[in-house]
Amino acid sequence: MTAVRGERVQAPFGVRALRLTRREEYGAYVVLSGGDPDGPRPDPGQFYMLRSSERWGGGAGERPFLPRAFSVLRTGGDGEGLELQFLLEAVGPGTERLCELDAGEELSVLGPLGRGFAAPRPGHRVLLVGGGVGIAPLAIWQDRLDTGTTVLLGFRDAHHAAGAALLSGAVVATDDGSVGDHGLVTDLLESELDAGGEAEVYACGPPPMLEVVRAVCAERSVPAQLALEAGMACGFGGCFGCVVPSARGLIRLCLEGPVLDGAECSSETFAVAGMGHSG
């Protein structure tokens with residue numbers, strides 16, 4: 001049984017500029033906050049296409065970069081006082097430029113885009129499972145849920161694990177054992193599910209992690225909603241750059257996703273989603 005999703009929050013027409021109010025660092029990550037008085041309050045799991053308003057390009061001719069897709073980390077206020085937060089990591093020229101931005105500068109955004117998370121089934125405890133920068137949509141989802149959550153997060157090392165402070169009550173695993181459990185976040189998930197009780201899993205992270213989450217949940221008949229990270233060029237279905245196979249056939253993650261039900265996915269879904277990433 002797949003989750004029931006309502007109508008998505010629609011993005012206003014065109015790109016708009018956010019005046020940044022804060023820049024914060026959490027280990028390897030940067031959180032940018034900015035006011036969005038002309039935009040709607042996004043659903044948890046939706047994403048935005050981001051670029052800097054100035055110096056968005058590279059090379060001798062300053063050839064423009066493509067915008068980068070990022071899930072919203074959390075929101076504050078509402079209406080004219082709406083604030084958006086984004087979690088970034090510098091892994092290439094585009095994200096490096098975004099991470100340079102500071103309070104007072106402008107961030108150009110298009111969004112909110114895509115379909116986010118659906119409400120958990122009644123009586124199910126909620127498990128939030130994140131890896132790396134993929135923790136972002138889990139923070140806004142934890143903020144919006146009325147029920148308590150179990151939070152399981154995986155990071156490369158202690159420097160990256162500083163991002164766990166962005167969610168409440170997180171249990172952490174690191175690849176090198178420098179913080180929390182020595183191992184993978186999916187090991188934590190297996191232990192939690194094997195403890196028993198009806199559960200529903202919400203996960204976001206690198207495609208190989210999500211493939212393991214899908215398999216672990218499928219083996220135990222546990223419903224899972226998976227927010228896929230994939231390279232996107234436009235964000236609204238025009239370029240067909242984020243097409244992945246699913247049980248419904250080929251779908252565009254920017255329109256039918258980025259959140260998919262685990263039952264819709266296969267190992268091929270995540271293999272294709274992991275191609276074409278750029279920083």
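Look up: the structure comes first, before these words.
A brief structural summary.

1. Comments concerning the sheet that holds strand β10 (residues 149-155)
Okay, step 1: What the seven strands build is an open sheet, ordered β12-β11-β10-β9-β13-β14-β17; its pairing is mixed. Looking at strand neighbours, the two that pair on one side only are β12 (181-182) and β17 (259-261), the edges of this open sheet.
Okay, step 2: Relative to strand β11 (residues 170-174), β10 runs parallel, the two being bridged by five bridges. Within β11, the residue paired with G154 across the bridge is A173.
Okay, step 3: Docked against the sheet, helix α5 (residues 207-219) engages β9 (125-131), β13 (199-205) and β14 (224-228), running at close to 165° with respect to β13.

2. Here's the deal with the pattern of salt bridges
Okay, step 1: Tallying each qualifying case throughout the model produces 15 salt bridges.
Okay, step 2: Its salt-bridge partner being D36, residue R16 comes within 2.8 Å of it at the nearest N-O pair. Taken as a pair, R16 in strand β1 (residues 16-26) and D36 in the loop between β2 (29-35) and β3 (47-52) lie far apart in primary sequence, 20 residues in all. Like R16, the residue D36 is buried in the burial classification.
Okay, step 3: Across the pair E100 and R55 runs a salt bridge, and its minimum N-O distance is 3.8 Å. One end of the pair, E100, is in helix α1 (residues 93-100); the other, R55, is in the loop between β3 and β4 (57-58), with 45 residues separating them in the sequence.
Okay, step 4: Judged by relative accessible area, which is 47%, E100 ranks as partly exposed.
Okay, step 5: For R55, a relative accessible area of 56% translates into the label exposed.
Okay, step 6: Within the structure, one salt-bridge network assembled from shared partners comprises E190, D194, E219 and R220.

3. Some remarks on the packing of aromatic side chains
Okay, step 1: Enumeration over the complete set of coordinates arrives at six aromatic pairs.
Okay, step 2: Arranged with centres 6.4 Å apart and planes meeting at 55°, the rings of Y29 and F155 form a pair that is tilted. Note that Y29 is positioned in strand β2 and F155 in strand β10, a separation of 126 residues in sequence.
Okay, step 3: The exposure class of Y29 is buried, given its relative accessible area of 1%.
Okay, step 4: Relative accessible area serves as the criterion here: at 3%, F155 is assigned to the buried category.
Okay, step 5: When the ring of F117 is compared with that of Y202, the centres are 5.4 Å apart and the planes differ by 90°; the resulting orientation is edge-to-face. Of this pair, F117 sits in the loop between β8 (106-113) and β9 while Y202 sits in strand β13, and the two are 85 residues apart along the sequence. Y202 matches F117 in its accessibility class, with the two residues each being buried.
Okay, step 6: Within the aromatic cluster, the residues linked to one another by ring pairs are F117, W141 and Y202.

4. Here we look at helix α4 (residues 185-194)
Okay, step 1: V185, T186, L188, L189 and L193 are the residues of α4 that are buried. The arc that holds the buried residues of α4, viewed along the axis, is 150°, so those residues lie on one side. Every exposed residue of α4 that faces more than 90 degrees away from the buried side is listed here: S191 and D194.
Okay, step 2: Where the residues of α4 are buried, they touch β9, β10, β11, β12, β13 and α5.
Okay, step 3: Backbone geometry just after α4 places G196 at a positive phi near 95°.

5. Here's the deal with the packing of α4 against α5
Okay, step 1: Where α4 contacts α5, the axes come no closer than 10 Å and their chain directions differ by 15°. With respect to α5, the axis of α4 lies roughly parallel. When the axes of α4 and α5 are compared, the crossing they make is right-handed. Here α4 contributes V185, T186, L189, E190 and L193 to the contact with α5, which in turn contributes M209, V212, V213, V216 and C217.
Okay, step 2: Its residues placed into classes, the contact of α4 with α5 shows eight nonpolar, one polar and one charged.

6. Some remarks on the environment of F155
Okay, step 1: In sequence terms F155 and V172 are 17 residues apart; their C-alpha atoms lie 7.6 Å from each other.
Okay, step 2: Among all residues touching F155, those that are not within four sequence positions of it are Y29, G132, I135, H160, A161, G163, A164, V172, A173, T174 and D175.

Reading the values: rules and limits
- Throughout this document, residue positions are counted from 1 along each chain, in the order its sequence is written.
- A pLDDT threshold of at least 70 governs which residues receive local features in this predicted model, and a stricter bar of 80 or more applies before side-chain atom pairs are shown or counted, although totals over entire chains, interfaces and linings include all residues.
- The basis for every side-chain value is the complete set of heavy atoms in the structure, and neither hydrogens nor water enter the calculation.
- Between any two strands, at least two bridges found by DSSP are needed for them to pair.
- Working definition: helices are DSSP H or I runs of at least four residues, strands are E runs of at least two. Numbering for both runs from the N terminus.
- By definition in these notes, contact holds between two residues if any of their heavy atoms fall within 4.5 Å.
- Lines fitted to C-alpha atoms define the axes here, with helix axes fitted over just the stretch in contact, and angles between the N-to-C directions of these axes take values from 0 to 180 degrees.
- Whenever Lys or Arg places a side-chain nitrogen within 4 Å of a carboxyl oxygen from Asp or Glu, that contact is recorded as a salt bridge.
- Each residue is assigned to one of three classes by its accessible area relative to the maximum for its type, calculated with a 1.4 Å probe on protein chains only: buried under 20%, partly exposed between the two thresholds, exposed over 50%.
- Pairing of aromatic rings covers Phe, Tyr and Trp, the last through its six-membered ring, and needs centres within 6.5 Å; plane angles under 30 degrees mean stacked, over 60 mean edge-to-face, and all others mean tilted.
- Think of it as the arc spanned by the lines of direction from the helix axis to the C-beta atoms.
- Note that the term roughly parallel is reserved for angles under 35 degrees, roughly antiparallel for angles over 145, roughly perpendicular for angles of 65 to 115, and oblique for everything else.
- Left-handed describes a crossing in which the near helix is turned anticlockwise from the far one by less than a right angle; the clockwise case is right-handed.
- Residue polarity follows a fixed list, in which Ala, Val, Leu, Ile, Met, Phe, Trp, Tyr, Cys and Pro are nonpolar, Asp, Glu, Lys and Arg are charged, and the others, Gly among them, are polar.

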